Amino acid sequence: MLKTMQKHGVTLAIFAAALTGMTALVNELTKNTIEEQAIKQQKALFDQVIPSDLYDNDLQKSCFVVQAPQLGKGAHRVYIARKGDSPVGAVMEATAPDGYSGAIQLLVGSDFSGTVLGTRVTEHHETPGLGDKIETRLSDWILHFAGKMIHGEDDPAFAVKKDGGEFDQFTGATITPRAVVNAVKRAGLYAETLPAQINHLSACEE
């Protein structure tokens, strides 16, 4: 009986070791493929918020980490777009903390003169059928930021229509679009301050 149990124990140990080895091997073989796909997906998202003909550097490798209240609490990544040696714009991670169902994560492209180049929502928990119209698969609402200029912090036009601005709110849902509009506005205004601090930004870790 004891020998049988020992035999089964050894068999199970060998099987577990073999399975662990196979899992490690598969992870190692697919690691590069997964990383390549993540890079491609990020590049595709960048192309939606900043025109590719505006810059000629490797945007994904021009990454910096900032602590900026305008972008939300905590650290956010900022990617500096350059044409030749000249900085021309930025893609910024931003957080709208005041969504109806919690924080809304955004990617905002902007030049340094107050013009928003594009915006996309990367994560949210808004109510299906109402607040989720911030997604491009459900509505073109988010596309209307492209080309909009922010005329200072007190720009009355850069707000939802219910607040006297030019951006539509959703039927039955004003909190969500208001949160996004305000977050994009803050990010665009922050972009205007970037040229003066580019040389002092902390690069992202590899």
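The name given to the protein in an unreviewed UniProt entry is Ion-translocating oxidoreductase complex subunit G, with the source organism recorded as Enterobacter quasihormaechei. As recorded by UniProt, the Function (unreviewed entry) comment attached to the protein reads in full: "Part of a membrane-bound complex that couples electron transfer with translocation of ions across the membrane." Per UniProt, the comment on the protein under Subcellular location (unreviewed entry) is "Cell inner membrane".

### Some details on helix H2 (residues 175–191)
Taking 1.5 Å of rise per residue, the 17 residues of H2 would be expected to cover 24 Å, and the 24 Å separating its terminal C-alpha atoms lies within 8% of that figure. Among the residues making up H2, those that are buried are Thr176, Pro177, Ala179, Val180, Val181, Ala183, Val184, Lys185, Ala187, Gly188, Tyr190 and Ala191. Buried positions along H2 lie against strand S1 (63–66), strand S2 (76–83), strand S3 (86–99), strand S4 (102–111) and strand S5 (116–123).

### Here's the deal with the sheet that holds S5
Paired through their backbone hydrogen bonds, the strands of a sheet run either parallel or antiparallel. One open sheet accounts for six strands, arranged S5-S4-S3-S2-S1-S6; its pairing is antiparallel. With partners counted over all chains shown, the strands left at the sheet margins are S5 and strand S6 (202–203), one partner each. Sheet topology note: the S3/S4 ladder contains nine bridges and is antiparallel. Each bridged residue has a counterpart across the sheet, and for Gly99 the counterpart in S4 is Gly102. On top of the sheet, H2 reaches S1, S2, S3, S4 and S5; it is set at about 150 degrees to S3, its chief contact.

### Some thoughts on the pattern of salt bridges
By the definition in use, this model includes five salt bridges. One salt bridge connects Lys43 with Asp47, and the closest N-O pair in it is separated by 2.9 Å. Placement of both Lys43 and Asp47 in helix H1 (residues 2–49) is noted, with a separation of four residues, approximately one turn of the helix. What makes Lys43 partly exposed here is its relative accessible area of 32%.

### Re the UniProt feature "modified residue: FMN phosphoryl threonine" (unreviewed entry) in the protein
Per the UniProt record, the feature "modified residue: FMN phosphoryl threonine" (unreviewed entry) sits at Thr174. Discounting chain neighbours no more than four positions away, the residues touching Thr174 are Val160, Lys162 and Gln169.

### Comments concerning the pairing of S4
Counting buried positions over the 10 residues of S4 gives seven, a clear majority of the element. Connecting S3 to the antiparallel partner S4 that follows it, the hairpin turn spans two residues. Two strands pair when backbone bridges link them, and S4 and S5 are joined in this way by six bridges, in the antiparallel orientation. From the neighbouring strand, Gly109 faces S5, where its bridge partner is Gly118. Turn length for the S4-S5 hairpin, with the two strands adjacent in sequence and antiparallel, is four residues, and the turn residue Gly114 shows positive phi of about 95 degrees.

### Regarding the pairing of S3
In this structure, S2 lies alongside S3, joined through six bridges in antiparallel fashion. Residue pairing across strands places Val78 opposite Met92, the latter belonging to S3. Between S2 and S3, which pair antiparallel one after the other, the connecting turn spans two residues, and Gly84 there sits at a positive phi close to 70 degrees.

### Here we look at the environment of Phe46
Its place among the elements puts Phe46 in helix H1. The buried category is assigned to Phe46, whose relative accessible area is 2%. Sequence separation of Phe46 and Tyr79 is 33 residues, and the distance between their C-alpha atoms is 9.6 Å.

### Topic: the state of the cysteines
Counted according to the given criterion, the structure contains one disulfide. Two residues share a disulfide in this structure: Cys63 and Cys204, whose sulfurs sit 1.9 Å from each other. Around the S-S axis, the bridge from Cys63 to Cys204 shows a dihedral of about -60 degrees and counts as left-handed. Of this pair, Cys63 sits in strand S1 while Cys204 sits in the segment after S6, and the two are 141 residues apart along the sequence. The exposure class assigned to Cys63 is buried, which follows from its relative accessible area of 10%.

Parameters and conventions
Residues numbered from 1 in each chain as written. Predicted model: local features only at pLDDT ≥ 70, side-chain atom pairs only at ≥ 80, totals over all residues. Heavy atoms only, no water. UniProt positions renumbered as here; feature names shortened; annotations may be inferred. Helix = DSSP H or I, 4+ residues; strand = E, 2+ residues; numbered from the N terminus. Expected span 1.5 Å × (residues − 1). Buried < 20%, exposed > 50% of the residue type's maximum accessible area, 1.4 Å probe, protein only. Contact = heavy atoms within 4.5 Å. Pairing = 2+ DSSP bridges. Axes fitted to C-alpha atoms, helices over the stretch in contact; angles between N-to-C directions. Salt bridge = Lys/Arg side-chain N within 4 Å of Asp/Glu carboxyl O. Disulfide = S-S within 2.5 Å.

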